[in-house]
Amino acid sequence: MKDLRDMLVIARRELLERVRSKWFVAITLLGPVGIVAMVLIPALLAARGEGTRVDILDQTGVIATPLKAELEKIGWRPAIVGDLTTPDQIELDKIRDKKINGFLTIPRDGVTGGEIRYRGDNGSSEVVGAIVRQQVTTVVQRQRGLQAGIDEAKLARLFERPDVKVQHTSGTSEAASGTATFWIGYLLAYVLFLVILMYGVGVMRSVVQEKTSRVMELMVATVKPRSLMAGKILGVGAAGLIQFGVWLAMGAITLAYRDQILGAFGATSGGPGLPALSFGEITVALLYFIFGYFFYASMYAAVGAMVSSEQDTQQVQTPIMLVLIIGFACVSIVGGDPRGSTATIVTMLPFWSALLMPMRYLLGGASGAEVAISLAIIIVSTVLTARAAAKIYRVGVLMYGKRPGLQELVRWLRY
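Residues numbered from 1 in each chain as written. Predicted model: local features only at pLDDT ≥ 70, side-chain atom pairs only at ≥ 80, totals over all residues. Heavy atoms only, no water.

Some remarks on the nonpolar core
Core analysis: the largest hydrophobic core is formed by 71 residues, its most contacted members being Phe-244, Tyr-293, Leu-355 and Leu-356. Looking at this core, the elements with two or more residues in it are α7 (178-212), α9 (225-256), α11 (279-306), α13 (318-329), α14 (331-336), α15 (341-346), α16 (353-362) and α17 (368-396). Every residue in contact with Leu-355, bar those within four places of it in the chain, is listed here: Ala-189, Leu-192, Phe-193, Ile-196, Leu-324, Gly-327 and Phe-328. In this structure, Leu-71, Leu-104, Val-111 and Val-140 belong to the second largest nonpolar core, which totals 16 residues. (Core = buried A, V, L, I, M, F, W, Y, C linked by side-chain atoms within 4.5 Å. Buried < 20%, exposed > 50% of the residue type's maximum accessible area, 1.4 Å probe, protein only. Helix = DSSP H or I, 4+ residues; strand = E, 2+ residues; numbered from the N terminus. Contact = heavy atoms within 4.5 Å.)

Notes on the pattern of salt bridges
Inspection of every chain in the model, using the stated rule, returns twelve salt bridges. One salt bridge in this structure joins Arg-142 and Glu-70, with 3.6 Å as the shortest N-O distance. One end of the pair, Arg-142, is in helix α5 (residues 126-147); the other, Glu-70, is in helix α3 (residues 64-73), and 72 residues separate them in sequence. Judged by its relative accessible area of 6%, Glu-70 is buried. Between Arg-96 and Asp-97 there is a salt bridge, with its nearest N and O atoms 3.2 Å apart. Members of the salt-bridge network, linked through shared partners, are Arg-13, Glu-14, Arg-18 and Lys-232. (Salt bridge = Lys/Arg side-chain N within 4 Å of Asp/Glu carboxyl O.)

A word on the sheet that holds strand β4 (residues 117-120)
Taken in spatial order, the four strands of this open sheet run β2-β1-β3-β4, and their pairing is mixed. With one partner strand each, in any of the chains shown, β2 (77-82) and β4 form the two edges of the open sheet. With direction set aside, neighbouring strand axes in the sheet form an average angle of 20 degrees. In this sheet, β4 lies alongside strand β3 (residues 102-106) in antiparallel orientation, the contact comprising four bridges. Following the sheet pairing, Gly-102 is matched in β4 by Gly-120. (Pairing = 2+ DSSP bridges. Axes fitted to C-alpha atoms, helices over the stretch in contact; angles between N-to-C directions.)

Here you go:
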């Protein structure tokens, strides 16, 4: 009973120390502002956008006019300025002076296979590149059909763009934009990565600061190291849970009332449908944050106990951070095939399930049974990791000077 009381006292101290910080309050409140801004700003910018300004230099005499018409349909601002006798430097100067975004040069053999080149300040954009390729390809192919003697009406029908929408559904939910669903899942995984890392590192720094100031010696004299470590992890985690909970709740509200929020600012969505976060998805995200945090915070507490200075933590914590980064790098695997065997494996491993399973569940790739199995694995792994970390912490918090080697760590674990 005394151990539990001591742990709760330490947890309360760690929690209050953080939530009373002005930075904690500011970041917690700025999170919802940022979430609303991510929905609002792109819509407002799209509504006020001027369109890409592009010059067309056509030596064929047959591509520029239809290409200009096609680009105008998508909101670009094209202008036919001449043929290839116009010096490139004139157009480059226009880009430099921000009069245009770019220019297209179409050689005399552009219809039959000559190189058509686009140069511009937005040439690094994949979206711009895809648009230019698509529009130029359509116009060139239509011109080839005309030269082959195909009726213009038939060509117009042939190259009429079909209305194609790519949507995501698991078969049990209403279909929504595939791209939008992926980015919501990606953002959820990123926030989990960020919060787990941030508060895990917070536990480690708290331990190191108390060791370097010798406060640890006084605390260990009155509280058992195991209760001290558990209290630190619990208190810091409670602060993280409050912050993550506020962000998650605001994200769910923003998705649910997206159109109303945009309407209040005089904007319309005009974009892909965004799926709302369900209560089950929010619950899964919170559970994985809790257990993922405890899993990694135990390791970070052990790292803090092993070292004697802030500089030493940079090297010792690297393996833990690399594991987290590798897990986050697997986001594309889960997003690309949430029901695949690879996604199933990586979301079952305790090192990465906290980051990836909420995303996989949101994408409809994981059943309730798979979530339960994954949670059971991470819970058992957290208990084992916490026990091992407590043994290292018990010895390490009073050790100063040279950090322990592998053999010494093994001896600590055997105590």
